[in-house]
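Read off the chains here:
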Amino acid sequence: MLVKIVTLFLVFMIVMGAIQRALNPNRKIGKRDQTRLKRPRKCPECGRFLIGRSTCSCGR
Ligand SMILES: [Zn+2]
């Protein structure tokens, strides 16, 4: 009985790994992250561009 449960768990893990490997290339997460980094971010409070830092001089 315990061997059956362990085998089922291993099969489940293998299936989950295969699904993740199949989904990741289609989603292109790395490429999306690159475009998000290249896009200039603006401060939501004063609208100034935040270049090379995450905080604005206005304190936000
Ligand atoms: Zn600001």
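Everything that follows concerns the structure shown earlier in this document.
Residues numbered from 1 in each chain as written. Predicted model: local features only at pLDDT ≥ 70, side-chain atom pairs only at ≥ 80, totals over all residues. Heavy atoms only, no water.

Let's shift gears to the overall build of the protein. Across its full length, the protein holds 2 helices and 2 strands. Ordering the α and β elements of the protein from the N terminus gives α-α-β-β. A total of 60 residues make up the protein; the buried ones form 5% of that total. Accessible surface for the protein amounts to roughly 5,900 Å². Of this, 62% is attributable to carbon and sulfur atoms. (Helix = DSSP H or I, 4+ residues; strand = E, 2+ residues; numbered from the N terminus. Buried < 20%, exposed > 50% of the residue type's maximum accessible area, 1.4 Å probe, protein only. Areas by Shrake-Rupley, 256 points an atom, 1.4 Å probe, with all protein chains shown as cover.)

Right, let's get into the coordination of the zinc ion. Taken together, Cys 43 (SG), Cys 46 (SG), Cys 56 (SG) and Cys 58 (SG) make up the full set of protein donors to the zinc ion, lying 2.2 to 2.4 Å away. One can describe the donor arrangement at the zinc ion as tetrahedral, given that its 4 donor atoms subtend angles of 101 to 121° at the metal. Counting the intervening residues between successive donors of the zinc ion yields the motif C-x2-C-x9-C-x1-C. Here Cys 46, found in the loop between strand S1 (41–42) and strand S2 (49–50), pairs with Cys 58, found in the segment after S2; they are 12 residues apart in sequence, far enough to count as distant. Among the residues examined, Cys 46 registers a relative accessible area of 37% and is labelled partly exposed. (Donors = N, O, S within 2.8 Å, 3.2 Å for Na, K, Ca; no water. Tetrahedral: all angles 85-135°; square planar, octahedral: opposite > 155°, others 65-115°.)

A cluster of nonpolar side chains, Phe 9, Val 11, Phe 12, Met 13, Val 15, Met 16, Ile 19 and Leu 23, forms an exposed patch at the surface whose accessible area comes to about 740 Å². Structurally, Met 13 is set in helix H1 (residues 2–27). Met 13 sits in the partly exposed class, given a relative accessible area of 46%. (Patch = residues over 30% accessible without salt bridge, like charges linked within 9 Å, V, L, I, M, F, W, Y side chains within 5 Å. Salt bridge = Lys/Arg side-chain N within 4 Å of Asp/Glu carboxyl O.)

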